[in-house]
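One-letter residues, chain by chain:
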Amino acid sequence: MGTHEPPPGSAPTPPPSTARRVLRVVTAVEIGLAGLAAALIFVLVLLQAGQRYLPVDGWTWTGELARYGLVWVTFTAAGVLVTRDGHIALQLVDELRSELVVRVVHVFALLVVAATGVGFALACWSLIQESGTLTTPSLGMPMQYVYLLPLLGFVSTAIRAAVAAVQVAMRGVAAADQSADLAIQVNGPYDRGASA
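Read on for a plain summary of the structure.

1. Regarding the overall build of the chain
If you tally the helices and strands in the chain, you get seven helices and zero strands. When the elements of the chain are put in sequence order from the N terminus, they spell out α-α-α-α-α-α-α. Put simply, the chain has 196 residues, and 31% of those count as buried. Within the chain, contacts between residues separated by at least 24 positions form 70% of all contacts whose residues are at least 6 apart in sequence. When the accessible surface of the chain is split by element, carbon and sulfur atoms take 70% of a total near 12,300 Å².

In structure tokens form, the structure reads like this:
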């Protein structure tokens, strides 16, 4: 028996839809970019620490690039957090008994997140267009490159939050007695059962 075959007696799992496969690829790319940015921060901070004990002048660009890496890791992973229901949430709302109230609050919160993502994406786009020939002080990297990953992260956040708002509006969310299943209901059976 292969690892992807269902256990005997259970219903076969349908193959993932094209949209779900695209979502998995986009999520993998975003997590990969965030992982690369985190690795970049780690290496650059170690390099900075090592420079203190070497008889050479320090490289100022290492600190600058590490700071930009922190920006990149933060914003490239933002969309993934929305899809996995891992963003900041008030679980007090999930404890309410009225499923309609819980649904309305979740839809409203997701729409606010989507609108915020759109606003920040537009601001990043404006910064990319207006930065022209500006470069970073130490590294000399064009500022357009600095704003590119946050732009992609905010676009992803806006799209994912809007899709999640539609899903919650159509399917609803669990009331207080099933609040542990919220991420599964909001996002579908995404990765919770598939990754096990």
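2. Regarding the packing of helix α1 (residues 18-51) against helix α6 (residues 143-171)
Angle between the axes and distance between the axes are the two parameters that describe a pair of packed helices. Taken N-terminus to C-terminus, the directions of α1 and α6 make an angle of 145°; their axes are 12 Å apart at the nearest point. Regarding α1 and α6, the two cross each other, and that crossing is left-handed. Residues Leu23, Val26, Thr27, Glu30 and Leu33 of α1 touch α6, and the partners they reach there are Leu149, Ser156 and Arg160. Grouping the amino acids of the contact of α1 with α6 by side-chain chemistry returns four nonpolar, two polar and two charged.

3. Remarks on helix α5 (residues 99-130)
Compared with an ideal rise of 1.5 Å per residue, which puts 32 residues at 46 Å, α5 spans 46 Å between its outermost C-alpha atoms and is within 8% of the ideal. Of all the residues in α5, the buried ones are Val102, His106, Val107, Leu110, Ala114, Gly117, Ala121, Cys124 and Ile128. Once α5 ends, the next one or two residues include Gly132, with phi positive near 50°.

4. A few points about the packing of aromatic side chains
Going through the model one piece at a time under the given rule, you end up with four aromatic pairs. Among the aromatic residues, those joined into a ring-pair cluster are Phe75, Phe120 and Phe154.

5. As for the environment of Ser156
Looking at the element boundaries, Ser156 is found in helix α6. Placed 77 residues apart in sequence, Ser156 and Gly79 show a C-alpha to C-alpha distance of 5.0 Å. Residues contacting Ser156, with those up to four places away along its chain left out, are Glu30 and Gly79.

6. What about α1?
For α1, built from 34 residues, the straight-helix expectation of 50 Å at 1.5 Å per residue is met to within 8% by its first-to-last C-alpha distance of 49 Å. When we look at burial in α1, the residues that qualify are Thr27, Glu30, Ala34, Ala37, Ile41, Leu44 and Gln51. The inward-facing, buried residues of α1 contact α2 (60-76), α3 (78-83) and α6.

So, how was this worked out
- Residues numbered from 1 in each chain as written.
- Predicted model: local features only at pLDDT ≥ 70, side-chain atom pairs only at ≥ 80, totals over all residues.
- Heavy atoms only, no water.
- Helix = DSSP H or I, 4+ residues; strand = E, 2+ residues; numbered from the N terminus.
- Buried < 20%, exposed > 50% of the residue type's maximum accessible area, 1.4 Å probe, protein only.
- Contact = heavy atoms within 4.5 Å.
- Areas by Shrake-Rupley, 256 points an atom, 1.4 Å probe, with all protein chains shown as cover.
- Axes fitted to C-alpha atoms, helices over the stretch in contact; angles between N-to-C directions.
- Left-handed = near helix turned anticlockwise from the far one by under 90°.
- Nonpolar A, V, L, I, M, F, W, Y, C, P; charged D, E, K, R; others polar.
- Expected span 1.5 Å × (residues − 1).
- Phe/Tyr/Trp six-rings, centres within 6.5 Å; stacked < 30°, edge-to-face > 60°.

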